[in-house]
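# Observations on the three-dimensional arrangement
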Amino acid sequence: MPVYRNIGDFLEFINISNEEATLFEWKPQKSFKRFDLDLNVVKENPVSDIFFHRDKGNMKLAYIRRNNLIYTVGADNKVQFQLLEALLEHVSFKFHEMYDVEIIMSYEDFNPAMFNGFKQVLVNIIINFANLDLVKRIQVECRVCKKVLTLFVKKSMIENADSYPVPIVYVHEGHAILCFIDQNFHHRGVELVNITG
Ligand SMILES: [Zn+2]
């Protein structure tokens, strides 16, 4: 699973912002791309604690507003959204573990450079992502593709579910399958579903 093992090769940026400004941003070395327009769109979404996705054709975005901060990741389309969500969840956890963000931001001389120390933490997360045990790989059969596909699910999604099995829609190649995942991360059925939106 090259994408999973080398997720850093497929990432465009990771951004942590509040309403006013970027507090922290990581980009691959030698990337000079800017994502201000995307981040402005993301900030317009007032909903907290729910992951949102945007598919931009050449790039996909996953983002979440949490504790008044907005976490966004941009990645190559090959990366499944569940991997990006798992990454952002871990990034937000580590950011808050390292910093008392509200207190730091209340300093009179506050400057986003105060979060620069997070860069090394984030690089380590990216490098070790596959060893952090944040996601499970599940093999599902798609009767349209006539192939066994690898579906990634966040462990947190299953562990924090209200009931089982947990449904997840896997959109791929212009169609979608609905998979039901049990507590033990086994799939309990796969159906072809219609899509709109
Ligand atoms: Zn298929």
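Structure: see above.
Just so it is clear, the model here is predicted, and its values are computed rather than measured.

Moving on, we get to unusual backbone geometry. Following Tyr 164, the chain continues to Pro 165 via a peptide bond in cis, the omega torsion being -5 degrees. Within the secondary structure, Pro 165 sits in the loop between helix H6 (155–159) and strand S8 (166–172). Within the chain, Asn 68 stands out as a residue other than glycine whose phi angle is a positive 65 degrees. Along the polypeptide, Asn 68 turns up in the loop between strand S4 (60–66) and strand S5 (69–75). You can call Asn 68 exposed: it has 11 C-beta atoms within 10 Å. For Asp 133, which is not glycine, the phi dihedral falls at a positive 60 degrees. You can see Asp 133 is positioned in the loop between helix H5 (118–127) and strand S6 (135–142).

Let us look at the sheet that holds strand S9 (residues 175–181). Spatial ordering of the open sheet is given by S8-S9-S10, a layout of three strands whose pairing is antiparallel. Edge positions in the open sheet fall to S8 and strand S10 (187–193), since each of these has one partner strand only. The sheet shows a mean angle of 25 degrees between the axes of neighbouring strands, direction not considered. Two elements, S8 and S9, share seven bridges in a ladder whose sense is antiparallel. The residue of S9 that forms the bridge with Tyr 170 is Ile 177.

Cut-offs used in this document
- Residues numbered from 1 in each chain as written.
- Predicted model: local features only at pLDDT ≥ 70, side-chain atom pairs only at ≥ 80, totals over all residues.
- Helix = DSSP H or I, 4+ residues; strand = E, 2+ residues; numbered from the N terminus.
- Buried ≥ 20, exposed ≤ 12 C-beta atoms within 10 Å, placed from the backbone.
- Pairing = 2+ DSSP bridges.
- Axes fitted to C-alpha atoms, helices over the stretch in contact; angles between N-to-C directions.

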